[in-house]
Amino acid sequence: QSIVKDGAEVYKVSAAVCDTILELLMNEWAKLSKQEKDLKNSSNKMKEREIMEEKREKESEIMDLLKSSKFEYDVDHALVLALMLEFSPGQLYLYEKLDMTDLIIEKYMQTKDTRNMLQVCAKKGKNSPDLWAMALNFLVSQHLSGNDGPIASWDDVEEVLELLAKEHFLPPIEVLGILSENSLLPLSVAKAYIKSHLESCKEQTENLEKEIKDLRHNTRQMRTEVSALRAASSGLKHLRNINKDQNKGSLDVGGTKLKLPCLPLSPLPTTMAVAHRPSDDPAMSSDKAKYEDIKRSQASQSNNHEEFYRDMEEATNGFTKIAEYFGRGLFSGNTTLNIE
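This is a predicted model, so every value here is computed, not measured.

Cut-offs and rules
- Residues numbered from 1 in each chain as written.
- Predicted model: local features only at pLDDT ≥ 70, side-chain atom pairs only at ≥ 80, totals over all residues.
- Heavy atoms only, no water.
- Helix = DSSP H or I, 4+ residues; strand = E, 2+ residues; numbered from the N terminus.
- Buried < 20%, exposed > 50% of the residue type's maximum accessible area, 1.4 Å probe, protein only.
- Contact = heavy atoms within 4.5 Å.
- Areas by Shrake-Rupley, 256 points an atom, 1.4 Å probe, with all protein chains shown as cover.
- Axes fitted to C-alpha atoms, helices over the stretch in contact; angles between N-to-C directions.
- Parallel < 35°, antiparallel > 145°, perpendicular 65-115°, else oblique.
- Left-handed = near helix turned anticlockwise from the far one by under 90°.
- 1 Å grid on protein atoms, 1.4 Å probe; cavity = no way out; pocket = protein on both sides within 12 Å on 5 of 7 lines; lining within 4 Å.
- Points joined across faces, edges and corners; volume = space filled by probe spheres on them.
- Arc of directions from axis to C-beta.
- Salt bridge = Lys/Arg side-chain N within 4 Å of Asp/Glu carboxyl O.
- Patch = residues over 30% accessible without salt bridge, like charges linked within 9 Å, V, L, I, M, F, W, Y side chains within 5 Å.
- Lys, Arg positive; Asp, Glu negative; His and termini not counted.
- Charge placed at Lys NZ, Arg CZ, Asp CG, Glu CD.
- Nonpolar A, V, L, I, M, F, W, Y, C, P; charged D, E, K, R; others polar.

Novice: So what exactly am I meant to see when it comes to the overall build of the chain here?
Specialist: Tallying secondary structure elements over the chain gives 15 helices and two strands in all. When the 340 residues of the chain are sorted by exposure, 24% land in the buried category. Contacts in the chain between residues far apart in sequence, at least 24 positions, make up 55% of those at least 6 positions apart. Looking at the chain as shown, the accessible area adds up to about 24600 Å², and 53% of this sits on carbon and sulfur atoms.

Novice: Please explain the side chain of Thr114 as it appears in this structure.
Specialist: Secondary-structure assignment places Thr114 in helix H7 (residues 114-124). Using a relative accessible area of 15% as the deciding quantity, one classes Thr114 as buried. Residue contacts for Thr114: discarding those within four places in its chain leaves Phe138, Leu139 and Asp156.

Novice: What is the right way to look at unusual backbone geometry in this model?
Specialist: Residues other than glycine predominantly adopt negative phi, and peptide bonds predominantly adopt the trans conformation. You will see that Glu86, though not glycine, has its phi angle at about 55°, which is positive. Looking at the element boundaries, Glu86 is found in the loop between helix H4 (75-84) and helix H5 (88-97). Positive phi values are uncommon outside glycine, yet Asp99 reaches one of about 60°. Residue classification places Asp99 among the exposed residues on the basis of a relative accessible area of 54%.

Novice: Where do I start with the packing of helix H3 (residues 45-67) against H5 in this structure?
Specialist: Two measures define how a pair of helices packs: the angle their axes make with one another and the distance between the axes. Close contact between H3 and H5 brings their axes to 10 Å; oriented N to C, the two are set at 15°. The angle between H3 and H5 places the two elements in the roughly parallel class. The crossing of H3 and H5 is right-handed. Residues Glu59, Met63, Leu66 and Lys67 of H3 lie in contact with H5, whose contacting residues are Pro89, Gly90, Tyr93, Leu94 and Lys97.

Novice: Before we go on, may I ask you to explain the layout of surface pockets in this structure?
Specialist: Roughly 220 Å³ of volume is contained in the largest pocket. Contributing to the lining of the largest pocket are 14 residues, with Leu92, Glu96, Ile104, Tyr108 and Val120 lying nearest its centre. Those elements that provide at least two residues to the lining of the largest pocket are H3, H5, helix H6 (101-110) and H7. Element by element, the count of residues in the lining of the largest pocket is highest for H5, at four residues.

Novice: Is there a simple way to think about H7 in this case?
Specialist: Since the α-helix packs 3.6 residues into each turn, any two residues three or four apart lie on the same face. Of all the positions in H7, only Thr114, Met117, Leu118, Val120 and Cys121 are classed as buried. Burial along H7 is one-sided: seen end-on, the buried residues are contained in an arc of 155°. Opposite the buried face of H7, by more than 90 degrees, sit the exposed residues Ala122 and Lys123.

Novice: How do you make sense of the pattern of salt bridges when you look at a structure like this?
Specialist: For side chains bearing opposite charge, pairing can occur when the charged atoms are close. All chains considered together, the criterion is met by seven salt bridges. The salt bridge partner of Arg56 is Glu53, with a shortest N-O separation of 2.7 Å. One end of the pair is Arg56 and the other is Glu53, both in helix H3 and three residues apart, which spans about a single turn. Looking at Glu53, the relative accessible area reads 37%, which means it is partly exposed. Linking Arg115 and Asp156 is a salt bridge whose minimum nitrogen-to-oxygen distance equals 3.7 Å. Of this pair, Arg115 sits in helix H7 while Asp156 sits in helix H9 (residues 155-167); the two residues are 41 residues apart in sequence, bridging distant segments of the chain. A residue is classified by how much of its surface remains accessible, and Arg115, at 40% relative accessible area, is partly exposed.

Novice: For this particular structure, what's the right way to read a negative patch on the surface?
Specialist: Negative charge collects at one region of the surface, where Asp102, Glu106, Asp130 and Glu174 lie side by side. Within the secondary structure, Asp130 sits in helix H8 (residues 130-142). The class for Asp130 is exposed, based on a relative accessible area of 57%.

Novice: For this particular structure, what's the right way to read the packing of H6 against H7?
Specialist: Their axes nearest at 9 Å, the elements H6 and H7 cross at an angle of 160°. Accordingly, the angle class assigned to the pair H6 and H7 is roughly antiparallel. Here H6 runs over H7; the crossing is left-handed. Counting all contacts with H6, which are made through Thr101, Ile104, Ile105, Tyr108 and Met109, the residues of H7 involved are Asn116, Met117, Val120, Cys121 and Lys124. For the contact of H6 with H7, the residue count by class is seven nonpolar, two polar and one charged.

Novice: Would you explain a nonpolar patch on the surface in this entry?
Specialist: Together, Leu176, Leu187, Ile194 and Leu198 line one region of the surface with nonpolar side chains, adding up to about 370 Å² of accessible area. Ranked by residue count, the leading element in the nonpolar patch is helix H11 (residues 187-246), at three residues. Looking at where Leu176 falls in the secondary structure, it is placed in helix H10 (residues 172-179).

Structure representation (structure tokens):
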């Protein structure tokens with residue numbers, strides 16, 4: 001008792017010592033529980049109250065030990081002890097600590113603790129819908145006729161059905177299948193659930209029909225737009241072909257089509273040539289002499305075939321080199337190149 005009371009505040013207790021203390025306390029609790037059962041039908045009420053008080057104190061000591069972070073006990077060992085000695089508070093606490101929700105529900109079913117069972121379902125049922133199926137099965141089976149006759153109140157079943165109708169934890173077909181297992185269940189118990197489900201289905205159907213109507217309307221609009229775009233595309237293509245045929249030999253300047261002029265290639269008349277002859281102007285005669293010298297120099301270079309072939313061999317792009325020679329005027333009309 002000294003270790004249990006002072007250990008949590010002074011020092012940690014090893015796992016082996018803690019398991020031993022736990023086993024001793026649970027054995028003492030089991031003895032007190034047996035004495036309490038033996039004295040239930042006795043006339044010694046004073047002794048019975050003393051045993052009950054001592055049992056509660058022992059239960060409190062055990063739960064303090066289980067909940068204390070200072071006591072490093074073996075959880076599995078403690079659970080086995082609680083099951084063997086039927087220590088229900090310890091079982092429920094260890095089930096919760098080990099996240100064994102199904103066993104917690106079963107334990108409440110054994111003790112017929114409906115209120116706590118439903119609290120566990122409300123807490124854990126969102127992630128584990130099967131808990132609601134277990135609870136509903138249990139409640140429906142409790143209303144089957146027995147030696148004492150059927151239970152008159154269906155409040156627990158109606159409460160569960162109300163939660164299921166609101167949260168939709170279970171499929172309606174599964175809920176109705178569970179309810180059908182008890183032939184004594186009045187239709188009025190399931191009436192509110194069925195009505196709520198039908199209203200929910202009706203609302204979903206109306207929403208779907210509205211969505212379908214909107215989608216059909218949008219589809220018709222899109223089809224109209226696609227048809228208009230196709231017609232516009234076809235018209236533009238037709239106009240483009242017409243313009244292409246009409247505008248051959250024309251130039252587009254600022255969006256305005258201008259027809260290219262046809263220049264005469266025939267030589268000028270003799271009188272015009274004489275009129276435009278620049279030899280009479282000394283400045284023009286000098287420019288013409290310079291031009292003639294440049295032309296003769298380039299013409300003389302055009303006969304240098306070896307340099308041209310050498311440049312072609314060294315060039316990375318032969319077409320560029322030929323274009324350069326043309327630009328420089330090194331090819332005359334009578335020049336013939338043998339490029340292999």
